[in-house]
Amino acid sequence: MTAAELRIGVIGAGAMGSDHIKRITRRISGARVSAVVEPDETRAQTAVQNAPGAQAFGRIEDALEAGAVDAVLIATPGFLHEAVLLPALEAKLPILCEKPLTPDPESSWRVLEAEQASGARRIQVGFMRRFDPEYRQLRELVSAGTAGELLMVRAAHRNASVPEQYQQDMLITDSVVHELDVLPWLAGAELRSLEVKLPRRNSLTPERLQEPILVLMELSNGVLVDLEMNVSVQFGYQVTTEAVFESGVARIGENAGLQLWQAGRTGTGVDADFTTRFATAYDEQVQRWVDAARAGLAGTGSFVDGPDAWDGYRVAVACQQGVKALHAPGTRVEVELPERPAFYR
Ligand SMILES: NC(=O)C1=CN([C@@H]2O[C@H](COP(=O)(O)OP(=O)(O)OC[C@H]3O[C@@H](n4cnc5c(N)ncnc54)[C@H](O)[C@@H]3O)[C@@H](O)[C@H]2O)C=CC1
Ligand SMILES: O=C1[C@@H](O)[C@H](O)[C@@H](O)[C@H](O)[C@H]1O
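Note that the structure is predicted; figures quoted are calculated from it, not measured. (Residues numbered from 1 in each chain as written. Chains lettered and ligands numbered in written order. Predicted model: local features only at pLDDT ≥ 70, side-chain atom pairs only at ≥ 80, totals over all residues.)

A. Local environment of the site of ligand 2. As a matter of local geometry, ligand 2 sits amid Asn159, Asp174, Ser175, His178 and Phe274. The element best represented in the shell around ligand 2 is helix α7 (residues 170–187), accounting for three residues. (Near = placed C-beta within 6 Å. Helix = DSSP H or I, 4+ residues; strand = E, 2+ residues; numbered from the N terminus.)

B. Spotlight on the UniProt feature "domain: GFO/IDH/MocA-like oxidoreductase" (unreviewed entry) in the protein. Residues given the UniProt feature "domain: GFO/IDH/MocA-like oxidoreductase" (unreviewed entry) here are residues 135–250. Counting secondary structure, residues 135–250 comes out at 24% helix and 35% strand; the distance between its end C-alpha atoms is 11 Å. (UniProt positions renumbered as here; feature names shortened; annotations may be inferred.)

C. Quick look at the pairing of strand β13 (residues 256–262). Across the seven residues that make up β13, only a small minority, zero, are buried. With five bridges joining them, β13 and strand β14 (residues 265–269) adopt antiparallel strand pairing. Following the sheet pairing, Gln259 is matched in β14 by Thr268. (Buried ≥ 20, exposed ≤ 12 C-beta atoms within 10 Å, placed from the backbone. Pairing = 2+ DSSP bridges.)

D. Region of interest: the environment of Asp104. Checked against the element boundaries, Asp104 lands in the loop between β5 (95–98) and α5 (105–118). Judged by C-beta crowding, with 18 C-beta atoms within 10 Å, Asp104 ranks as partly exposed. Every residue in contact with Asp104, bar those within four places of it in the chain, is listed here: Ala316 and Gln320. (Contact = placed C-beta atoms within 7 Å.)

E. Seen up close, the sheet that holds strand β11 (residues 238–245). Strand order in the open sheet made by the seven strands is β12-β11-β7-β10-β9-β8-β15, with mixed pairing throughout. Lying at the two open borders of the sheet, with one neighbouring strand each, are β12 (248–252) and β15 (333–334). The pairing of strand β8 (residues 191–197) with β15 spans two bridges and is antiparallel. Pairing of Leu194 across the sheet is with Val333, part of β15. Helix-sheet contacts for helix α6 (residues 133–144) involve β7 (150–158), β11 and β12, and the interaxial angle to β12 is about 160°. (Axes fitted to C-alpha atoms, helices over the stretch in contact; angles between N-to-C directions.)

Written out as structure tokens, the structure is:
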């Protein structure tokens, strides 16, 4: 037996929050947006227009006090996640928190402590790539072993451009953060070290940035990863992964949509940004979280079906070390985690 339709409070109605509001309203079953928490009034009004029946609030505390939500989806900027996570945990709500869990290991650890005090794992972190069909297929290939052992991964994460508020460290904390979660997950291993190399600078990148960057990672099973992180490619959005096995090579993420052969040329669509490239993954992530949250509230299952707060903490440590590597190009920086609390095993 599951709980009735899940009433979701979306906290933060900027780019991602609005995308999730449309998703929940139009494509997700078993849930509706009952509240939007957004201090910017114009954004709040636009958001509630896209979510029939939703109430607007300026602060999460007000939405909780009004009893307007059964669960929350957090889409405020990362540095504000802790301030929203703590009252939501205190209210014992199921939570889907956009990446990163929080921007640094200390605040992520405080969140782990608050979650443990709440008595259950209630936080799912929005590392949506784990729900992308191609990443899932590749992970199955790794674990089935039909192409032999995985040896190396060559990855590229390319954005057409980035907004004004995007700063140098965000190459790691906002962008590479996804690979720091998904590549160890894909390879079935832990991240052991990171190194950043700086190739020639792209003259088209904003003045404040030194990029692209090359990130080298060593995993606990000996797999080596090289990742090109590039945020000024102009042509569109592309996230590719090539996995080199003992007896085969697999690639994902190269083409988007129709391939056309015409007038002596061939062409394939390119995604403009992550909202289209990972649309299926975001949908799957939110649907699985809604189903888990309903089961958790009904007492028939866990609140989480995907990356949890420990994954968020692990990635916060990796990002901290990644930023150190970014500031010391050519230096190998180790990644060490404390013992995982029994609660998360
Ligand atoms: N999974 C993915 O691929 C992506 C995830 N993100 C993540 O989504 C989150 C939001 O990013 P964006 O939508 O790009 O940011 P944004 O800046 O477009 O939107 C954030 C919104 O939060 C609101 N806000 C600020 N303080 C608030 C508070 N105390 N309570 C409620 N709302 C508050 C702001 O007014 C703004 O409307 C970040 O954690 C970001 O890392 C962003 C892009 C892609
Ligand atoms: O999370 C995201 C953005 O914040 C980030 O800026 C992009 O580089 C990522 O591809 C996207 O998925």
